[in-house]
Amino acid sequence: APCSCMSFNPETRRLSIGLDNGTISEFILSEDYNKMTLVKSYQAHQSRVIMILFVLEMEWVLSTGQDKQFTWHCSESGQRLGGYRTSASACGLQFDVETRHVFVGDHSGQVTILKLEQESCSLVTTFKGHTGGVTALCWDPIQRVLFSGSSDHSIIMWDIGGRKGTAIELQGHNDKVQSLSYAHHTRQLISCGADGGIVVWNMDVERQETPEWLDSDSCQKCDQPFFWNFKQMWDSKKIGLRQHHCRKCGKAVCGKCSSKRSSIPLMGFEFEVRVCDSCHESITDEERAPTATFHDSKHNIVHVHFDATRGWLLTSGTDKIIKVGVSGFPS
């Protein structure tokens, strides 16, 4: 059957290939990489395999498929150890060796966290912060934060280890986020999008969580009624206004009281967004300093890989081209 995904472990030279028919074929590559020997196959899914992870420490093969199933197998015996049905087909998969937590992102926009045992799993929690499907996941085991990219053009950083429930939004793409990679030694997140953009985020800064949007029937700055507030419109003999929200304080405001726009990089807004007039005055030039750099790859990126040893950034795109960038990530 046609190949749909793969996972390679250089230490064992083990190559796991997912197929369109739901099978995972496992090969061992020779030392000179001129020969590959089929060692076993797993009947992992009922339809196309979407993602594979080989965990050397546990001798597990983790996978997700279009059948909305997450499964894991023992790579020594080939035996299926267990599975979990997700709310939609998954396209993001990460694993933490220390805690045995697996993170599964799916097309509904949800991230599911499962705790794996040798032959059982339990649901820990689910995160829902995206308005579009999750397209990529990236796990930082040192800082213990999870990054999720989405078709809604955004990235969310979930603070798992801090246990504070903090979710920080990063806005830097004009199209869906296709792939994520993380440079641990410099604490840089690398995101690539269908817009051809490569954004390198500095995560070694104290970022701020975006506020929740407040509900109100009238502008929280000038008290002008919004257009659905018929009683206040009648009492004050005023025409209702359209509601907006300040991205910095979260207050519900009218257009007149939020006529300014500003970037707020520490909140993840590298592009200018709507802010109320008073917040605009309070934002300093230092706070507007960018925390990300932008590069144009000039192709629609599907996958990105960062090689920390060489300082290489590799991207592959729908144009059938693989590009290599070095030192500063030009493509």
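If you look the chain up in an unreviewed UniProt entry, it shows as WDFY2 protein from Ceuthmochares aereus.

Let's shift gears to the nonpolar core. With 16 residues, the main nonpolar core has Phe147, Ile155, Leu170, Leu180, Leu189, Trp201 and Met203 as its most contacted residues. Those elements giving two or more residues to this core turn out to be strand E13 (134–140), strand E14 (145–150), strand E15 (154–159), strand E16 (167–171), strand E17 (177–183) and strand E19 (197–202). A per-element tally of this core places E17 first, with three residues. Ignoring sequence-local partners within four residues, the contact set of Leu180 consists of Ala136, Leu137, Cys138, Phe147, Ser148, Gly149, Ile155, Ile190, Ser191 and Val304.

A sheet is described by the order of its strands in space; here four strands give the open sequence E17-E18-E19-E24, paired in antiparallel fashion. Each having just a single partner strand, E17 and strand E24 (292–296) make up the two edges of the open sheet. Geometrically, the sheet is characterised by an average inter-axis angle of 20° between neighbouring strands, direction not taken into account. Direction of pairing for E17 relative to strand E18 (residues 188–193): antiparallel, over a ladder of six bridges. When the bridges of E18 are listed, Val177 appears paired with Gly193.

A separate point is the sheet that holds strand E11 (residues 110–116). Sheet strands pair via backbone hydrogen bonds, and the direction of the pair is either parallel or antiparallel. Read from one edge to the other, the open sheet built from four strands follows the order E9-E10-E11-E12, with strand pairing classed as antiparallel. Of all the strands in the sheet, just strand E9 (90–96) and strand E12 (121–128) have a single pairing partner and so form its edges. Here the strands of the sheet are splayed against their neighbours by 20° on average, with no regard to which way each runs. Relative to E11, strand E10 (residues 101–106) runs antiparallel, the two sharing five bridges. Along E11, the bridge assignment pairs Gly105 with Val111.

Our next topic: the pattern of salt bridges. Enumeration according to the criterion identifies nine salt bridges in this entry. Put simply, Lys40 and Glu26 hold a salt bridge, and the shortest N to O gap is 3.6 Å. Here Glu26 lies in strand E3 (residues 23–29) and Lys40 lies in strand E4 (residues 36–43), a separation of 14 residues in the sequence. Note on Glu26: relative accessible area 1%, which makes it buried.

Thresholds applied
Residues numbered from 1 in each chain as written. Predicted model: local features only at pLDDT ≥ 70, side-chain atom pairs only at ≥ 80, totals over all residues. Heavy atoms only, no water. Core = buried A, V, L, I, M, F, W, Y, C linked by side-chain atoms within 4.5 Å. Buried < 20%, exposed > 50% of the residue type's maximum accessible area, 1.4 Å probe, protein only. Helix = DSSP H or I, 4+ residues; strand = E, 2+ residues; numbered from the N terminus. Contact = heavy atoms within 4.5 Å. Pairing = 2+ DSSP bridges. Axes fitted to C-alpha atoms, helices over the stretch in contact; angles between N-to-C directions. Salt bridge = Lys/Arg side-chain N within 4 Å of Asp/Glu carboxyl O.

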